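# Overview (structure and organization)
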Amino acid sequence: MSKLLRKPEQKEITAGVTLVHDVTSNNSTLEYVGFKMIDLVSGAKYTEQLGKQECCIVAVTGKINVSDYNVSFNSIGTRESVFEKKPTDSVYVSNDQSFEIEAVGQARVALCYSPSNKQLPTKLISAADNSVEHRGTGNNQRMVQNILPDSDPSANSLLVVEVYTESGNWSSYPPHKHDQDHLPEESFLEETYYHEMNPKQGFVFQRVYTDDRSLDETMTVENSDMVIVPVGYHPVGVPEGYTSYYLNVMAGPSRVWKFHNDPDHEWILKR
Ligand SMILES: O=C(O)C[C@@H](O)[C@H](O)C(=O)CO
């Protein structure tokens, strides 16, 4: 069984709130990244008291109200499906704060966590604040929606990004890694992938491997699955006929995304 691939759960945790994924330092090898995906029926509420963790709440689909009991953001969220291919709204909440999420209709919400000590203001990261990038050429084209990039100082550790890869294309490719705390050459960032496919019976392949191959797993990833990337290169290949979406959360000792391409495959960039 893969240690890195997680299938969605369907665990009702409170009335109308279903836990789909729950990645913590207790049930994974990750120290810097935590992740929950929750589904809420209309009117359902989810509350949480954050300890020494910051949280980015992403309205993946549907509309939600978010409050830290001081400031509230109402009816945020911009899409019914991630495959509308437009940015959504998110809220950053700092460590030692509490928050409440209330679903305005059916909603899927990502909770992205990282350890944090220094309090920062609660902040709405509106869809309009997401920068959109088109990366790559040939069959390596993908569209990136930056929710919390390293250029945005709203968080202490968290980096959050959404990526669309079209049918027959590759992303996180040529393979790159960020598993050495050795700036300015490379940063150490753990990473999680939450995947969706359109149409939803689709699948993608994701390989996670290190130079010495002490880790080398190639996974068939299906709709709503997660892949955990503690270290290593982590390319994604998308079969003909399917579009891939994934939500990445990254965090590590420095809030800098400085990756290192696999030297065996870097030539692809230089053609
Ligand atoms: O293919 C891309 O450009 C997206 C990836 O960079 C993805 O966000 C990632 O692997 C981050 O390390």
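Look a little higher up for the structure.
Residues numbered from 1 in each chain as written. Predicted model: local features only at pLDDT ≥ 70, side-chain atom pairs only at ≥ 80, totals over all residues.

## A closer look at unusual backbone geometry
So the rule is basically this: Under the scheme used here, helices are H or I runs from DSSP no shorter than 4 residues and strands are E runs no shorter than 2 residues, and both carry numbers assigned from the N terminus.
Following leucine 183, the chain continues to proline 184 via a peptide bond in cis, the omega torsion being 10°. Here proline 184 is to be found in the loop between strand E18 (179-182) and strand E19 (186-188). Between asparagine 198 and proline 199 the backbone carries a cis peptide bond, its omega angle lying at -5°. Within the secondary structure, proline 199 sits in the loop between strand E20 (190-198) and strand E21 (203-209). Its identity as a non-glycine residue notwithstanding, lysine 85 has a phi of 55°, on the positive side. With a phi close to 50°, serine 172 is a non-glycine residue in the positive phi region. In this structure, serine 172 sits in the loop between strand E16 (170-171) and strand E17 (176-177).

## Things to note about the pairing of strand E15 (residues 159-165)
Note the following rule: The burial label depends on the number of other C-beta atoms within 10 Å of a residue's C-beta. Counts of 20 or more mean buried, 12 or fewer mean exposed, and intermediate counts mean partly exposed, with C-beta atoms placed from the backbone. Strand pairing is defined by DSSP finding a minimum of two bridges between the two strands.
Burial runs high along E15: seven of the seven residues are buried. In E15, alternate side chains face the same way, and those of Leu159, Val161, Val163 and Thr165 on one face and Val160, Glu162 and Tyr164 on the other are all buried. Two strands pair when backbone bridges link them, and E15 and strand E25 (residues 243-251) are joined in this way by seven bridges, in the antiparallel orientation. Counterpart to glutamate 162 in the pairing with E25 is leucine 247.

## Examining the nonpolar core
Put simply, the rule reads: Working definition: the nonpolar core is a set of buried Ala, Val, Leu, Ile, Met, Phe, Trp, Tyr and Cys residues, joined through C-beta atoms within 7 Å. Residues are treated as contacting if the C-beta atoms built from their backbones sit within 7 Å of each other.
Of all hydrophobic cores here, the largest spans 64 residues; its most connected members are Cys56, Ile57, Val58, Val109, Cys112 and Val160. The residues contacting isoleucine 57, other than those within four sequence positions of it, are Val66, Ser90, Val91, Val93, Phe99, Ile101, Val109 and Leu111.

## Let's talk about the sheet that holds strand E10 (residues 98-103)
Threshold: In this description, a line fitted to the C-alpha atoms serves as the axis of each element, helices being fitted only across the stretch in contact, and the angle between N-to-C directions of two axes falls anywhere from 0 to 180 degrees.
With antiparallel pairing, the four strands of this open sheet are ordered in space as E5-E10-E7-E8. If you trace the sheet from one side to the other, it starts and ends with strand E5 (45-49) and strand E8 (72-76), each paired once. For this sheet, the mean angle separating the axes of adjacent strands, direction not counted, is 10°. When E5 meets E10, the two strands line up antiparallel, connected through five bridges. Its bridge partner being in E10, glutamate 48 is matched across the sheet by phenylalanine 99.

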